[in-house]
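Topology and contacts: notes
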Amino acid sequence: MSLLLLNREIGILEFNSRVLAQAEDPKIPLLERIRFLSIVSSNLDEFFEIRVSGIKEQLIDNPLKVGSDGRTISESYDLVSQHAHALVDRQYRLYRDWE
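Predicted model only: the values in this text are computed from it and were never measured.

Conventions and cut-offs
Residues numbered from 1 in each chain as written. Predicted model: local features only at pLDDT ≥ 70, side-chain atom pairs only at ≥ 80, totals over all residues. Heavy atoms only, no water. pLDDT = per-residue confidence, 0-100. Helix = DSSP H or I, 4+ residues; strand = E, 2+ residues; numbered from the N terminus. Axes fitted to C-alpha atoms, helices over the stretch in contact; angles between N-to-C directions. Parallel < 35°, antiparallel > 145°, perpendicular 65-115°, else oblique. Left-handed = near helix turned anticlockwise from the far one by under 90°. Contact = heavy atoms within 4.5 Å. Nonpolar A, V, L, I, M, F, W, Y, C, P; charged D, E, K, R; others polar. Salt bridge = Lys/Arg side-chain N within 4 Å of Asp/Glu carboxyl O. Phe/Tyr/Trp six-rings, centres within 6.5 Å; stacked < 30°, edge-to-face > 60°. Lys NZ or Arg CZ within 6 Å of the ring centre and 35° of its normal. Expected span 1.5 Å × (residues − 1). Buried < 20%, exposed > 50% of the residue type's maximum accessible area, 1.4 Å probe, protein only. Polar contact = N/O pair within 3.5 Å; in protein donor to acceptor, adjacent residues only side chain to side chain.

1. So, the confidence of the model for the chain
- In this model, the chain carries a mean pLDDT of 91, and residues with pLDDT of at least 70 account for 94%.
- Across the chain, element-level confidence peaks in helix H1 (residues 8-24) with a mean pLDDT of 96 and bottoms out in helix H3 (residues 73-96) with 94.

2. Digging into the packing of H1 against H3
- The interhelical angle for the contact between H1 and H3, taken along N-to-C directions, is 15 degrees, at an axis separation of 10 Å. The orientation of H1 relative to H3 falls into the category roughly parallel. Here the hand of the crossing between H1 and H3 comes out left-handed. Packed against H1, whose contacting residues are Glu9, Ile10, Leu13, Glu14, Asn16, Ser17, Leu20, Ala21, Ala23 and Glu24, the element H3 presents Leu79, Val80, His83, Ala84, Leu87, Arg90, Gln91 and Leu94 at the interface.
- Tallied by class, residues from the contact of H1 with H3 come to 10 nonpolar, four polar and four charged.

3. Here we look at the pattern of salt bridges
- Tallied over the full model, the rule gives five salt bridges.
- Among the ionic pairs, glutamate 24 bridges to arginine 90, the shortest N-O distance being 2.8 Å. With glutamate 24 in helix H1 and arginine 90 in helix H3, this residue pair connects regions lying 66 residues apart in the sequence.
- Between aspartate 97 and arginine 96 there is a salt bridge, with the nearest N and O atoms lying 3.2 Å from each other.

4. Describing the packing of aromatic side chains
- For the structure on display, the rule yields one aromatic pair.
- Above the face of the phenylalanine 36 ring, arginine 35 is positioned so that its terminal group lies 5.3 Å from the ring centre.

5. Focus: the packing of H1 against helix H2 (residues 30-61)
- Where H1 contacts H2, the axes come no closer than 8 Å and their chain directions differ by 165 degrees. When the axis of H1 is compared with that of H2, the two are roughly antiparallel. The crossing of H1 and H2 is left-handed. Contacts from Arg8, Glu9, Ile12, Leu13, Phe15, Asn16, Val19, Leu20, Gln22, Ala23 and Glu24 in H1 reach Arg33, Phe36, Leu37, Ile39, Val40, Asn43, Leu44, Phe47, Arg51 and Ile55 in H2.
- Per-class residue counts for the contact of H1 with H2 are 13 nonpolar, three polar and five charged.

6. A look at H3
- An ideal rise of 1.5 Å per residue puts 34 Å on 24 residues; H3 measures up with 34 Å between its terminal C-alpha atoms.
- Residues Ile73, Ser76, Leu79, Val80, Ala84, Leu87, Gln91 and Leu94 constitute the buried set of H3.
- Contacts made by the buried residues of H3 are with H1 and H2.

7. Some details on H1
- For H1, spanning 17 residues, the distance from its first C-alpha to its last is 24 Å, which sits close to the expected 24 Å at 1.5 Å a residue.
- For H1, the complete set of buried residues consists of Glu9, Ile10, Leu13, Asn16, Ser17, Val19, Leu20 and Ala23.
- If you follow the buried residues of H1, they end up packed against H2 and H3.
- Where H1 begins, one side-chain oxygen reaches toward the backbone nitrogen of glutamate 9, 2.9 Å away; that side chain belongs to asparagine 7.

Below you can see the structure in the form of structure tokens.
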């Protein structure tokens, strides 16, 4: 029996999704919501600088290497890209349509 681990990058994005959910909650005071939104922005900046750049380097070196989550580097990159784009879309939509 093989044990597949969760993708670390997806875990980071899911954490930031939960932080963003706090920014989306109208029951939370506005200043706190803005703070949560800025935390997500800061976290995503670091995420792309460190994590995504690392995945891109691995894509160049060995795109078919299978990670601990059972996905190839290429599959992981695609999955991370989908999750990250969805999170950033939520972030911009919240900022644009602020209540």
